Amino acid sequence: QSLVIPDVIASERHSQIRVRDICVSAPTGSGKTLAFVLPVLNALSNTMVRRLRALAVLPSRDLATQVYKVFKRYSEGSRLRVGLAIGQTD
């Protein structure tokens, strides 16, 4: 987190800094989800526009639900709305 989050946030604040792809491998519970949730929420919190402004595409319903809960938790107290859309049900 300490290596990834500052770069992503800095790229939002300074247009001359380029966002780059980041590949992270770490154990469960180490904060990988926060490494992208926090910069997304930070970028979206500056301007209020009533439309879809971010989309996280995830490979499974379980992971989508987990990420949704993290977005929901860390957006509490803001005016941002978080939604969850999942594909085919059993």
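Up top is the structure these notes are about.
About the thresholds
Residues numbered from 1 in each chain as written. Predicted model: local features only at pLDDT ≥ 70, side-chain atom pairs only at ≥ 80, totals over all residues. Heavy atoms only, no water. Helix = DSSP H or I, 4+ residues; strand = E, 2+ residues; numbered from the N terminus. Expected span 1.5 Å × (residues − 1). Buried < 20%, exposed > 50% of the residue type's maximum accessible area, 1.4 Å probe, protein only. Arc of directions from axis to C-beta. Contact = heavy atoms within 4.5 Å.

Colleague: Please provide a residue-by-residue account of helix α3 (residues 61-75), values included.
Modeller: With 15 residues, α3 ought to run about 21 Å at 1.5 Å a step, and its terminal C-alpha atoms sit 21 Å apart, in line with that. Restricting attention to buried positions, one finds in α3 the residues Ala 64, Val 67, Val 70, Phe 71 and Ser 75. When α3 is viewed along its axis, its buried side chains cluster within an angular range of 125° and face the same direction. In this structure, α3 carries Asp 62, Lys 69 and Arg 73 as exposed residues pointing more than 90 degrees from its buried face. Residues of α3 that are buried make contact with α2 (32-45). Immediately beyond the C-terminal end of α3, within one or two residues, lies Gly 77, with a positive phi of roughly 90°.

Colleague: Give a detailed account of the environment of Ala 10, specifying residues and quantitative values.
Modeller: Looking at the element boundaries, Ala 10 is found in helix α1 (residues 5-13). Remark: the alpha-carbon pair of Ala 10 and Pro 39, spanning 29 residues in sequence, is separated by 9.3 Å.

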